[in-house]
Each structure stands twice: as C-alpha cells, then as structure tokens.
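What follows is each chain in one-letter form.
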Amino acid sequence: MKTHYHIIIIGAGPAGLNAAISAAQSAQSIAIFDDNIFAGGQIWRNGPRAKLPLIAQKTQAIVADLPHVDLIQSVKVIAAIQPKILLVEHLGQSLQIHYDKIIICTGGRELFLPFPGWTLPGVTGAGALQALIKAGLDVKNKKIVISGTGPLLLASAQTAKKAGAHVVFIAEQTPYKQIKNFAFQLWRWPKKILQAIFMPIISYHTDSFVIEAQGNHAIQSVTIHTPKGIKTIDCDYLACGYGIIANTQVASLLGANIKETVVHVDEMQQTSLEGVFAAGECTGFGGSELSIVEGQIAGYAAIGDTQRAQQLFAQRAHDQKFSHLLKTTFALRAEVKRLATSETIFCRCEDVTLAQVIQHKDWYDTKLQTRCGMGACQGRICAASATCLFGWDTVKTKVPLSPIRTKSLIEMLTQQSK
Ligand SMILES: Cc1cc2nc3c(=O)[nH]c(=O)nc-3n(C[C@H](O)[C@H](O)[C@H](O)COP(=O)(O)OP(=O)(O)OC[C@H]3O[C@@H](n4cnc5c(N)ncnc54)[C@H](O)[C@@H]3O)c2cc1C
C-alpha cells in the first residue's frame, strides 16, 4: 500500500466502486479501502456460497483493470490524525495514509430493534442472515421466520430459499394498503419490478411483526402479531430487520455535517467539508441504483469534471424518488418501538437492560453510567436503537472507530499529542 493517494474512497460497495471508475478518468492515484475481506458491499456481498449478479462481476472486473486504482480489502479506518491523514490498520500494521480528496461510501447497516428473546442464538438481522448464508451457513431444511420491514425481508427470504431453507413466515409490519400502493408505483423503476418478480411472496404477511422469540438455549418459536390475532410458529432461525440506517462514523470522524442521521451532501455529493465527498447509503437509503449514480457523480466531482457529473443529475433525481417512496411506505409503526420490556437486554454486547438505559436522560449520560455501547460493536446496534426508540442524539463519533491493536492505539495517541 502506498502512503499517499490523490483520492481515497472508503467502501467498495456499488457506490465506492463506481466512484473509482469515474474518478479514474483523471489518471490520479486512487485507493479504495474496505473493511470486509471481499469487495462488493452489501448487495454484491461475496463469499463461498455467494453467486454474484452480472453487474457486480462486470463492475469489479472494470475496477481490477484500472491502472491507477488500488482496491485494498481488510482495511480498518481508525482515526483522522491530522487534516488529510488517516490512520488505518491493515494486515496487522498501523499505517498513516495521506490524501488530497476523499469519497466516503460506507453504505448502511440494518436497524435491529430490541424485543423479548432477541438475544437467543438463532436470532439475527435480516441482512445478517443473508451474509451468514453467503459465508457458508448451512440452512438446508431449516425453518426460518423473517420479520421487520422493507424490501430487504424479501431479499433475505430469497437467499434463504435458494440455500434450501423453508421460509415459513415473512412478517412485514407495514399495512397491506401501503404495500399495494408501493407495488402499483414500481412500474416507474423497471429494474425494481424485475427484482421483485423473483421474490418469494407466498409466505409474505403484511400488518404483522414478531413480538417475542422463545427457546431454552436457542430459538425454538416466535410469537407474531398478525391482523387475525397472535400466532406462535416453530422455527430454527429468526431474521429481523427494521430498515437501513446510514454508516456515518467515518464522515463524522472527519467533521462532516450529519443531518437527520445521514451524511449531508450538496448536488455534487460534496459534504460540508471541501474535498470530502460522500455517496451511496451513508447519505440515505435508496437502493443500489441510487448508490451507483451517486458514486459516479462523486467520482467526477472529486476530479473536477462537473460537466459529466451534471449529466447524471436527472438519473439521480429519478432514483431519489424511489428512495422517497421507500421511506414513506416502510415508516416504522409505533408498536414495534415498544416491544422491549424493562428486563429485555438493550445492549447485546454488554448485557445492559432497557431498565438500566431508560433511567438516564440521554446517550451521553447512559454511556457514562453504564457499559452500554462499549462492546465489540461499539454501539452500532444499541446507539441506533436509542436514536430510534427515544430520539437520542448518538451520532458523535469517538476514536478509535473500532477495537484496535495496542500498537495502533499507541500510534494514534502519539500523533494526537503532537
Ligand atoms: C445488511 C444489508 C443487506 C442488504 N442486502 C440487499 C439485497 O440483498 N438486495 C438489495 O437490493 N439491497 C440490499 N441491501 C441494500 C444495499 O445495501 C444497497 O442497495 C447497496 O448495497 C448500497 O451500496 P453502497 O455502496 O452505498 O453501500 P454498501 O453496499 O453497504 O457498501 C459499503 C461498504 O463500505 C464498507 N465500509 C463501511 N464502513 C467502513 C469503514 N469504516 N472502513 C472501511 N470500509 C467500510 C462496508 O464493509 C461495505 O463494503 C442491503 C443492505 C444491508 C445493510
């Protein structure tokens, strides 16, 4: 890895890869850093059991052939030690990387909300189940319930079915009328219709959500609210996802403005900071087509090719309408925010209960008084829940961004004290 690049792109999902392809027209040196072991991000997630769509294969092949672009996996961004210098960890080494411009394409993660039984083995996020299957989890003949909201539930069900699982119930919290209205508007985005055709809708139930998971040492059944009353269903896995939230940590680390929980950008995808761009789902959820076009605009904008960037504005505006439709259709209903009881574990990493959290007035106070948010996920799950359930401001990012080696910690502190 070099120690200086003209442009650094963080995230090798659809947005990051396309930003690199656009920016590569300038022949400047570009690095794409991703913390995963494979490129592709969420929708194009690779793994031993993954079958990549053609568009993912083509995009990755183009990036691999770009002469001035280094695609580097397993890179952990730790801190911004000085303006335009990142401290990263890669293959056991801490490295300082200098850059002129940066494009943040860190995508999103699913919102996983607490409910009784959600810490039982066998309960995962909806996208997390997909990721586990692609990484090799054997779900053949297993009974799976999927619950939450949004198109990710169907995508997850499709992956599970293809892997030989029995998807026994898909509980979508949104009422039928809203889903019907959503489906009738899809003709405006033909690629979405094409994706929807292959989705497993037989076990799809609207106006339904899991209220509790039961089991001794692992999940055995779930209780579901349905329009026809409460149902209990046996299952081996429960995959739950309440929509997608933006990964804003890197943007926040650099000091870019975060507005309504997403990275705020202008029409050129530039954040509130000069030379710092952001694209894809870290700027708001909208599907892969929107991430692609935003990535392309950010790539052109970063090399100063505003003309090519502007030519893509109409496409972006069209895809943003889909994003708006998603937001209005799959808005969370109040009941799913009230499922956790006082005894329910709120912070999964550190076993902090809801009762221990709600004694405090805000996130800052909770973190001072409890171990909430201090575990391996560094609050990625519980902080997002706190924002969703109590409206708490949790976006302020502290370094290091994730647990790191002692050597990196010493390097970070040494640089900070200079
Ligand atoms: C769990 C999950 C599963 C999904 N599955 C589907 C699906 O099956 N079908 C579908 O249509 N849509 C799916 N989506 C929506 C999908 O994310 C988007 O449509 C699309 O992938 C967004 O592209 P992106 O490039 O903006 O971000 P992503 O694809 O999320 O890519 C972001 C990349 O940045 C990396 N990254 C993040 N933070 C850092 C950091 N600090 N340092 C280094 N690298 C970092 C991540 O590892 C990731 O590789 C899923 C979303 C989620 C959250």
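Residues numbered from 1 in each chain as written. Predicted model: local features only at pLDDT ≥ 70, side-chain atom pairs only at ≥ 80, totals over all residues. Heavy atoms only, no water.

> So what exactly am I meant to see when it comes to the sheet that holds strand 14 (residues 229-234) here?
Sheet strands pair by backbone hydrogen bonding; their relative direction is either parallel or antiparallel. Pairing is antiparallel in the open sheet, where 3 strands are placed in the order 12-13-14. One side of each edge strand has no neighbouring strand; the edge strands of this open sheet are strand 12 (209-214) and strand 14. On average, each strand axis in the sheet is inclined to that of its neighbour by 25 degrees, with strand direction left out of account. Sheet topology note: the strand 12/strand 13 (residues 221-226) ladder contains 5 bridges and is antiparallel. The residue of strand 13 that forms the bridge with A213 is V222. (Pairing = 2+ DSSP bridges. Helix = DSSP H or I, 4+ residues; strand = E, 2+ residues; numbered from the N terminus. Axes fitted to C-alpha atoms, helices over the stretch in contact; angles between N-to-C directions.)

> I keep staring at the site of the ligand and nothing clicks. Help me out?
Lining the immediate environment of the ligand, one finds 30 residues, of which D34, D35, Q42, Q130 and E281 sit closest. With respect to the ligand, the backbone of P14 contributes an N or O atom lying 3.2 Å from an oxygen atom. Within the side chain of D35, a nitrogen or oxygen atom sits 2.6 Å from an oxygen atom of the ligand. Considered on its own, the ligand offers 970 Å² of accessible surface; in the complex 90% of this is hidden by protein. Elements with a contribution of two residues or more to the shell around the ligand: helix 1 (14-23), strand 4 (75-82), strand 7 (108-110), helix 3 (126-134), helix 4 (152-162) and helix 8 (288-302). With 3 residues, the single largest contributor to the shell around the ligand is strand 7. Here the residues of the shell around the ligand sort into 12 nonpolar, 13 polar and 5 charged. Two domains each put at least three residues into the shell around the ligand: domain 1 (4-109 + 245-325) and domain 2 (112-242). (Near = heavy atom within 4 Å. Polar contact = N/O pair within 3.5 Å; in protein donor to acceptor, adjacent residues only side chain to side chain. Areas by Shrake-Rupley, 256 points an atom, 1.4 Å probe, with all protein chains shown as cover. Nonpolar A, V, L, I, M, F, W, Y, C, P; charged D, E, K, R; others polar. Domains from an automatic or database assignment.)

> Just to check I follow, could you spell out the packing of aromatic side chains for this structure?
Both the distance between ring centres and the angle between the ring planes are used here to describe each pair of aromatic rings. Using the criterion set out here, one finds 7 aromatic pairs in the structure. Here the aromatic rings of F112 and W118 are separated by 5.1 Å at their centres, their planes lie at 70 degrees, and the arrangement is edge-to-face. Neither residue differs from the other here; F112 and W118 are each classed as buried. Ring plane angle 75 degrees and centroid distance 5.2 Å describe the contact between F182 and F330, whose orientation is recorded as edge-to-face. (Phe/Tyr/Trp six-rings, centres within 6.5 Å; stacked < 30°, edge-to-face > 60°. Buried < 20%, exposed > 50% of the residue type's maximum accessible area, 1.4 Å probe, protein only.)

> Would you take a moment to explain unusual backbone geometry for this structure?
Glycine aside, residues mostly have negative phi angles, and peptide bonds mostly take the trans form. Within the chain, S74 stands out as a residue other than glycine whose phi angle is a positive 55 degrees. Despite not being glycine, D207 shows a phi value in the positive range, around 55 degrees. Structurally, the position occupied by D207 is in the loop between strand 11 (204-205) and strand 12.

> I keep staring at the side chain of H90 and nothing clicks. Help me out?
Here H90 is to be found in strand 5 (residues 85-90). Within the local environment of H90, its side chain forms a polar contact with the backbone oxygen of Q73, the two atoms lying 3.4 Å apart. Discounting residues that sit within four places of it in the chain, H90 has contacts with M1, I72, Q73, S74, V75 and L95. (Contact = heavy atoms within 4.5 Å.)

> Hey, could you run me through the pairing of strand 13 in this one?
Along a regular strand, successive side chains alternate from one face of the sheet to the other. Burial analysis of strand 13 places 5 of its 6 residues in the buried class, the great majority of the element. The antiparallel pairing of strand 13 with strand 14 creates a hairpin that spans 2 residues between the two strands.

> Teacher, can you tell me more about helix 2 (residues 54-65) here?
Counting along an α-helix, one turn takes 3.6 residues, and residues three or four places apart therefore face a common direction. Helix length check: helix 2 (12 residues) gives 17 Å between terminal C-alpha atoms against 16 Å at 1.5 Å per residue, within 8%. Taken together, the buried positions of helix 2 are A56, T59 and V63. The arc that holds every buried residue of helix 2, seen down its axis, measures 70 degrees, which confines them to one face. Counted as exposed and oriented over 90 degrees from the buried face of helix 2: L54, K58, A64 and D65. On the buried face of helix 2, the contacting elements are helix 1, strand 2 (30-33) and strand 3 (69-72). (Expected span 1.5 Å × (residues − 1). Arc of directions from axis to C-beta.)

> Would you mind showing me how to read the side chain of T344 here?
Its place among the elements puts T344 in the loop between helix 10 (313-329) and strand 20 (345-347). Accessibility expressed as a relative area gives 6% for T344, which makes it buried. Every residue in contact with T344, bar those within four places of it in the chain, is listed here: P114, F115, P116, W118, V352, T353 and L354.

> Help me out: how do you make sense of the pattern of salt bridges in this one?
Any two side chains of opposite charge can pair, so long as their charged atoms come close to each other. For the structure shown, the criterion picks out 4 salt bridges. Between E350 and R371 there is a salt bridge whose closest N-O contact spans 2.9 Å. Residue E350 is located in the loop between strand 20 and strand 21 (352-353), and its partner R371 is located in the loop between helix 12 (363-369) and helix 13 (382-390); the two are separated by 21 residues in the primary sequence. Given the relative accessible area of 26%, E350 is considered partly exposed. Taken together, the shared-partner salt bridges in this structure form one network comprising D207, R333 and E335. (Salt bridge = Lys/Arg side-chain N within 4 Å of Asp/Glu carboxyl O.)

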